[in-house]
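Observations on chain architecture
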Amino acid sequence: MSDEQQTIEISLEQVSGYEFRVRFDETAIPDLLTDENPPLGKGVGPNPSRMLATAVANCLSASLLFALRKYKNEPERLAAKARATLARNEQGRWRVARIAVDLDLGQAEADLSHLDRALAQFEDFCTVTQSVRQGIAVDVSVRDATGTLLHKAAAG
């Protein structure tokens, strides 16, 4: 595979109703069940909107971890909370209008070296967030272990 392009394949198979089994092709990753929330589905797994918010939060978390480690930091527990806001579009259809992700570092700002550099660049490392931002507003905040707001990027 070239450095210019990569392909990721997944397979979905309907189990029943709106429940699907997701297979992550050519990996050892266990299958995942997805489902729509009641009353449409039974809610036995995450729905697509939750999966999208999860993907953005996970990618931002991994990107922040990468940026911190790039400057020889070994951050402690990193936590994230994502909130997806759904709104109706002009045609009355539900759409993900905004995703907000709050990242919490397990350490105080003073315990991390070159934090300003890491915070200035970590969002650019996040493939999913930067892709999603082309159509959905994504807000990001980072707080340290003391609760101090270190970084805030609000979408327009």
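Look up: the structure comes first, before these words.
Keep in mind it's a predicted model, so treat the numbers as computed, not measured.

With respect to the pairing of strand β6 (residues 137-143)
Along β6, six of the seven residues are buried, which leaves the element largely enclosed by surrounding structure. In terms of strand pairing, strand β5 (residues 94-104) meets β6 through seven bridges, oriented parallel. Bridge pairing links Val-101 to Val-140 in β6. Two elements, β6 and strand β7 (residues 149-153), share four bridges in a ladder whose sense is antiparallel. If you follow Arg-143 over to β7, its bridge partner there is Leu-149.

Notes on the pattern of salt bridges
Summed over the entire model, instances satisfying the criterion amount to six salt bridges. Salt-bridge contacts for Arg-98 lead to Asp-139; the nearest nitrogen and oxygen are separated by 2.7 Å. You can see Arg-98 sitting in strand β5 and its partner Asp-139 sitting in strand β6, a full 41 residues away along the chain. The class for Asp-139 is buried, based on a relative accessible area of 16%.

Overview of helix α2 (residues 115-125)
Where α2 is concerned, the buried positions are Leu-115, Ala-118, Leu-119, Phe-122 and Glu-123. Seen along its axis, α2 keeps its buried residues to an arc of 115 degrees; they face one direction. Of the exposed residues in α2, those oriented more than 90 degrees away from the buried face are Asp-116, Ala-120 and Asp-124.

Some thoughts on the state of the cysteines
Taken as a whole and assessed by the stated rule, the structure comprises one disulfide. Covalently, Cys-59 is tied to Cys-126 through a disulfide, its sulfur atoms 2.5 Å apart. With Cys-59 in helix α1 (residues 48-70) and Cys-126 in the loop between α2 and α3 (127-132), the pair connects residues that are 67 residues apart, well separated along the chain. The pair Cys-59 / Cys-126 is uniform in exposure class, with both members buried.

A short note on the sheet that holds strand β2 (residues 19-24)
If you trace the three strands from one edge of the open sheet to the other, you get β1-β2-β3, paired in antiparallel fashion. Two strands lie at the open edges of the sheet, namely β1 (10-16) and β3 (32-34), each paired on one side alone. Across this sheet, the average inter-strand angle for adjacent strands is 30 degrees, counted without regard to direction. Where β1 lies against β2, six bridges are found, and the strand directions are antiparallel. Bridge pairing links Ser-11 to Arg-23 in β2.

Some words on a nonpolar patch on the surface
The grouping of Ile-8, Ile-10 and Leu-12 at the surface amounts to a nonpolar patch, some 340 Å² of accessible area in total. Within the fold, Ile-10 resides in strand β1. For Ile-10, a relative accessible area of 46% gives the class partly exposed.

Describing the packing of α1 against α2
Viewed as axis vectors pointing N to C, α1 and α2 meet at an angle of 140 degrees, and their least axial separation amounts to 8 Å. Considering the angle they form, α1 stands oblique to α2. As for how α1 packs across α2, the hand of that crossing is right-handed. The segment α1 lies against α2, with Leu-60, Ser-63, Leu-64, Phe-66, Ala-67, Leu-68 and Lys-70 engaging Leu-115, Ala-118, Leu-119, Gln-121, Phe-122, Glu-123 and Phe-125.

Rules used throughout
Once a new chain begins, its residue numbering starts again from 1 and follows that chain's sequence as written. Only residues with pLDDT of at least 70 are given local features in this predicted model, and only at 80 or more are side-chain atom pairs given and counted; all residues enter the totals for whole chains, interfaces and linings. With hydrogens and water set aside, each side-chain value is computed from the structure's full complement of heavy atoms. Exposure is judged per residue with a 1.4 Å probe applied to protein chains only, and the accessible area is read against the type maximum: over 50% gives exposed, under 20% gives buried, and values in between give partly exposed. Secondary structure elements are defined from DSSP: runs of H or I of at least 4 residues count as helices, runs of E of at least 2 residues count as strands, and each element is numbered from the N terminus. DSSP bridges decide pairing: two strands pair if at least two such bridges lie between them. We define a salt bridge as a side-chain nitrogen of Lys or Arg found within 4 Å of a carboxyl oxygen belonging to Asp or Glu. What the arc covers is the set of directions going from the helix axis to the C-beta atoms. In plain terms, two cysteine sulfur atoms within 2.5 Å form what is called a disulfide here. Working convention: axes come from line fits to C-alpha atoms, limited for helices to the stretch in contact. Angles between N-to-C directions cover 0 to 180 degrees. The patches described consist of residues with a relative accessible area above 30% and no salt bridge, like charges being joined within 9 Å and nonpolar side chains (Val, Leu, Ile, Met, Phe, Trp, Tyr) within 5 Å. Working definition of accessibility: Shrake-Rupley area with a 1.4 Å probe, residue cover restricted to the visible protein chains. Here the angle decides the label: under 35 degrees means roughly parallel, over 145 means roughly antiparallel, 65 to 115 means roughly perpendicular, and every other value means oblique. By definition, any crossing whose near helix is turned counterclockwise from its far helix by less than a right angle is left-handed, and any crossing with a clockwise turn is right-handed. Contact definition: two residues touch when any of their heavy atoms are within 4.5 Å.

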